Amino acid sequence: MNNQPPSVKKPVVYELYDEIVFTNPAPEFYDVMVRGSQKQSLPNPLQDAFTAFSDADDIKQIAAAQAYVTEELNKVKDKISQLEQERSARERIANASARPR
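Keep in mind the model is a prediction, meaning the values are calculated, not measured.

Rules and cut-offs
- Residues numbered from 1 in each chain as written.
- Predicted model: local features only at pLDDT ≥ 70, side-chain atom pairs only at ≥ 80, totals over all residues.
- Heavy atoms only, no water.
- Patch = residues over 30% accessible without salt bridge, like charges linked within 9 Å, V, L, I, M, F, W, Y side chains within 5 Å.
- Areas by Shrake-Rupley, 256 points an atom, 1.4 Å probe, with all protein chains shown as cover.
- Salt bridge = Lys/Arg side-chain N within 4 Å of Asp/Glu carboxyl O.
- Helix = DSSP H or I, 4+ residues; strand = E, 2+ residues; numbered from the N terminus.
- Buried < 20%, exposed > 50% of the residue type's maximum accessible area, 1.4 Å probe, protein only.
- Lys, Arg positive; Asp, Glu negative; His and termini not counted.
- Charge placed at Lys NZ, Arg CZ, Asp CG, Glu CD.
- Phe/Tyr/Trp six-rings, centres within 6.5 Å; stacked < 30°, edge-to-face > 60°.

Student: What is the right way to read a nonpolar patch on the surface from this model?
Tutor: Residues Ile20, Phe22, Phe29 and Met33 make up a contiguous nonpolar surface patch of roughly 410 Å² in combined accessible area. In this structure, methionine 33 sits in helix H1 (residues 27-35).

Student: I would appreciate a short explanation of the pattern of salt bridges in the present structure.
Tutor: Proximity of charged atoms lets side chains of opposite charge pair with each other. All told, the structure shown has four salt bridges when counted by the stated rule. Residue glutamate 86 is joined to arginine 90 by a salt bridge in which the shortest nitrogen-to-oxygen separation is 3.8 Å. Linking glutamate 86 with arginine 90, this pair stays in helix H2 (residues 56-98), spanning four residues, or about one helical turn. Residue classification places arginine 90 among the exposed positions, given a relative accessible area of 56%. Between glutamate 91 and arginine 87 there is a salt bridge, with its nearest N and O atoms 3.1 Å apart. With glutamate 91 and arginine 87 both in helix H2 and four residues apart, the pair spans about one turn of that helix. Taken together, the salt bridges that share partners define one network made up of Glu71, Glu72 and Lys75.

Student: Even after reading the chapter, I still don't get the environment of serine 37, so can you show me in this structure?
Tutor: Here serine 37 is to be found in the loop between H1 and H2. Here the alpha-carbon distance between serine 37 and arginine 92, two residues 55 residues apart in the chain, equals 73 Å.

Student: Where do I start with a negative patch on the surface in this structure?
Tutor: A cluster of acidic residues, Glu19, Asp55, Asp57 and Asp58, forms a negative patch on the protein surface. Taking relative accessible area as the criterion, aspartate 58 reaches 42% and is therefore assigned partly exposed.

Student: Would you mind going over the environment of lysine 10 with me for this structure?
Tutor: With respect to the helices and strands, the residue lysine 10 is situated in the segment before H1. Relative accessible area serves as the criterion here: at 70%, lysine 10 is assigned to the exposed category. Sequence spacing of lysine 10 and arginine 90 is 80 residues, and the spatial spacing of their C-alpha atoms is 75 Å.

Student: Quick question: what am I supposed to make of unusual backbone geometry here?
Tutor: Backbone phi values are negative for most residues with the exception of glycine, while trans is the configuration of most peptide bonds. For asparagine 24, which is not a glycine, the phi torsion comes out positive at approximately 50°. Its place among the elements puts asparagine 24 in the segment before H1.

Student: Would you explain the packing of aromatic side chains in this entry?
Tutor: Working definition: an aromatic ring pair is given by the centre-to-centre distance plus the angle between the planes. Per the counting criterion, the structure on display carries one aromatic pair. Note on phenylalanine 22 and phenylalanine 29: the rings are 4.9 Å apart at their centroids and 75° apart in plane angle, and the pair reads as edge-to-face. With a relative accessible area of 43%, phenylalanine 22 lands in the partly exposed category.

Now the structure itself:
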């Protein structure tokens, strides 16, 4: 077995990310929350080991999904338009052949 002590160069960090959503908060509470804390906190000595949270990847995925849905909707609209034109043409032919001469 390895009798060396574990390395302390990279700490094990346990993080918990919580997000709270306030629906229709009181205006006074909203102002306090938007303003944030007036007290400056000291930097955490383990800051480099923390995970940086970002919405950028989620926003990219949502934009790609939105572009895909828009493209698919346009394809369906084009197909519907084509089918309506074909139906209209068939109706004109049927009406023209049904007219008494």
